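# Topology and contacts: notes
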Amino acid sequence: MADTLTMLGKPITQLPPTPDRALLETFPNTHPQRAYTVNFECPEFTAICPITSQPDFAKILIEYQPDQLCVELKSLKFYMFSFRNHGIFHENVTNRILDDLVARLSPRSMTVI
């Protein structure tokens, strides 16, 4: 499993320039028979307002019940940071994050706030 994770345990410091170039890495859920919840909080989320080009700040919360896959947190952090120079409204970014994660993980359930 660890050999399939390209970022974990490596001194990668280069942030992806855009969310489209970010890599959301996954690993197998070792307890797929159990319904449990994973929470992630990004208290310093930043994107660029597409109208004013000013930075917009938010706190993003992700809660999901994994099925067969879990998201690797370092790759999720880099994905979240990739929005720093990306022009997008918060209403759209919330849905973009949800769509990208659901497409990658196929979780039992997921909420992005």
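Scroll up for the structure.
Attention in this report is confined to the structure presented alongside it. (Residues numbered from 1 in each chain as written. Predicted model: local features only at pLDDT ≥ 70, side-chain atom pairs only at ≥ 80, totals over all residues. Heavy atoms only, no water.)

### Observations regarding the sheet that holds strand β5 (residues 109-112)
Strand order in the open sheet formed by three strands is β2-β3-β5, and the pairing between neighbours is antiparallel. For this open sheet the edge positions go to β2 (38-48) and β5, each flanked by a neighbour on one side alone. Direction aside, neighbouring strands of the sheet carry axes that sit 20° apart on average. Here nine bridges tie β2 to strand β3 (residues 55-65), and the two strands are oriented antiparallel to one another. By the bridge assignment, A47 is partnered in β3 with D56. (Pairing = 2+ DSSP bridges. Helix = DSSP H or I, 4+ residues; strand = E, 2+ residues; numbered from the N terminus. Axes fitted to C-alpha atoms, helices over the stretch in contact; angles between N-to-C directions.)

### What about the nonpolar core?
Counting 22 residues, the largest nonpolar core has F45, I62, L76, M80, I97 and L101 as its most contacted members. Those elements giving two or more residues to this core turn out to be β2, β3, β4 (69-71), α1 (73-81), α2 (90-105) and β5. In this view, L101 contacts L24, I62, V71, L76, S106, P107 and M110; residues no more than four positions away in its chain are not counted. (Core = buried A, V, L, I, M, F, W, Y, C linked by side-chain atoms within 4.5 Å. Buried < 20%, exposed > 50% of the residue type's maximum accessible area, 1.4 Å probe, protein only. Contact = heavy atoms within 4.5 Å.)

### Thoughts on the packing of aromatic side chains
If you walk through the whole model with that rule in mind, you get two aromatic pairs. Ring plane angle 50° and centroid distance 5.6 Å describe the contact between F45 and F83, whose orientation is recorded as tilted. Placement of the pair is F45 in strand β2 and F83 in the loop between α1 and α2, with a sequence separation of 38 residues. F45 sits in the buried class, given a relative accessible area of 1%. Overall, the relative accessible area of 0% leaves F83 in the buried class. Measuring from centroid to centroid gives 5.4 Å for Y79 and F83, while their planes differ by 85°, and the two rings are edge-to-face. Pairwise contacts between aromatic rings join F45, Y79 and F83 into one cluster. Its guanidinium or amino end placed over the ring of F81, R84 lies 4.6 Å from that ring's centre, counting from NZ or CZ. (Phe/Tyr/Trp six-rings, centres within 6.5 Å; stacked < 30°, edge-to-face > 60°. Lys NZ or Arg CZ within 6 Å of the ring centre and 35° of its normal.)

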